Amino acid sequence: MSGKITAANSASATGTIVQVGTNANLTGNIDVNGNVVVGGGTVSGKVTHPTGTTYTGPAPAGGNIIGAPSLPTLPALPTPIVFPAASSTNVTTNQTLAPGNYGALTLSGNKTVTLNGAGIYVFSAVTLSNSNNLVFNFQNSSTGQFRIYVHGDIDFGKLNASMANGGSADRIYLEVHGNGSTSASGKDAIKISNGSSGGSGSSKWMGSIYAPYGTINISAGTGSTLLTGALWSGTQLNIQSGVSLVF
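If you're wondering where the values come from, they're calculated on a predicted model, not measured in any experiment.

Cut-offs and rules
- Residues numbered from 1 in each chain as written.
- Predicted model: local features only at pLDDT ≥ 70, side-chain atom pairs only at ≥ 80, totals over all residues.
- Heavy atoms only, no water.
- Helix = DSSP H or I, 4+ residues; strand = E, 2+ residues; numbered from the N terminus.
- Buried < 20%, exposed > 50% of the residue type's maximum accessible area, 1.4 Å probe, protein only.
- Contact = heavy atoms within 4.5 Å.
- Areas by Shrake-Rupley, 256 points an atom, 1.4 Å probe, with all protein chains shown as cover.
- Pairing = 2+ DSSP bridges.
- Axes fitted to C-alpha atoms, helices over the stretch in contact; angles between N-to-C directions.

**Let's talk about the overall build of the protein**
- Looking only at helices and strands, one finds zero helices and 27 strands in the protein.
- The dimensions of the protein, computed from C-alpha atoms along their principal axes, are 60 × 40 × 35 Å.
- Taking all 247 residues of the protein together, 43% fall into the buried category.
- In the protein, the proportion of contacts linking residues at least 24 apart, taken out of those at least 6 apart, comes to 47%.
- Taken as a whole, the protein presents about 11,700 Å² of accessible surface, with 50% of it coming from carbon and sulfur.

Right, here's the structure in full:
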C-alpha cells in the first residue's frame, strides 16, 4: 500500500486500531489514535501514536514516534439522491436496455445485459447468480455518464463488467439505497464475489459505488476481483482477499 494510513478512532476504542498482515510493503506514514500492529514486512515511513498506546511490527524507517498523530478532517458523505420510482418491468434474461426505469434485475447465470448509452437506469433491486456480464455501451460518445440507481440491495455474484465503444470508469456511477436486509449478513447493501483466480476469470467492476445505508462487501470466496473506481459507504467497507483496486 502506497500513501498515508490514518485512523482517528473517534470512539476511543481500546485494543488494536490498525492491523496489517504479514509480508506488507507500506510506503507512507502511519498516524493512528491507538495501537498499531503490522505482522511483518517493510514500513518505509514513520509510525505515530499517542502516549499509552503501542506499535508492534517491523522497525519503521522513519521511526516509532510517541505523540499526537496527524489526522485529516474527513469530507462529509454526499447527500443521497432522491431516485425516480422503479417500474414493474423485470429483467431476467439477455437484453439490451435503454436508459429508463425497470423493476428487478435478476439473472440466473451466464447472461449478458447491455446498458445501451449514457443516461439514468433505475432498478428496484439486483440479484445476479453465477457468472453474468454487464456491458456499458458508450456508443463512441465522448460525453454523458451512466448513472445506475438501485432502490434495494445488490448481489452481483461473480460479475464481469466491461465497456464497449469507448468510455472510462469515471463516467460510471452506481448508487444503492438498500440497507442489506435481504443479504445473508443482514448488512450488505452491495456484494461482489470473487471470480476464478487470475486472468479473465476475475470478477470485474468499473465505476464509482455509493452505498449510504449499508455495507459494501467485496471479494467473498476464493479467486480474485478487479475494481476500477471509487467506493463510498455510509456504514462499512469490507474488502477481503484477492482484490486489486485501481482508484
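**Some remarks on the sheet that holds strand β1 (residues 5-7)**
- Spatially, four strands are ordered β1-β4-β7-β9 in an open sheet, and the strand pairing comes out parallel. At either margin of the open sheet sits one strand with a lone partner, and together these are β1 and β9 (64-66). Strand after strand, the sheet turns through a mean of 10° between neighbouring axes, direction not considered.
- As paired elements, β1 and strand β4 (residues 30-32) share three bridges and run parallel to each other. Bridge assignment links Ala-7 to a residue of β4, and that residue is Val-32.

**Digging into the sheet that holds strand β8 (residues 55-56)**
- Pairing is parallel in the open sheet, where three strands are placed in the order β2-β5-β8. Among the strands making up the open sheet, the edge pair consists of β2 (16-20) and β8.
- Alignment of β2 against strand β5 (residues 35-38), held across four bridges, turns out to be parallel. For Val-18, the partnering residue across the bridge sits in β5 and is Val-36.

**Some details on the side chain of Asp-31**
- One can find Asp-31 in strand β4.
- According to the relative accessible area criterion, Asp-31 is buried, its value standing at 4%.
- With residues near it in sequence (within four places) discarded, Asp-31 still touches Lys-4, Ile-5, Thr-6, Ala-7, Thr-48, Pro-69, Ser-70 and Leu-71.

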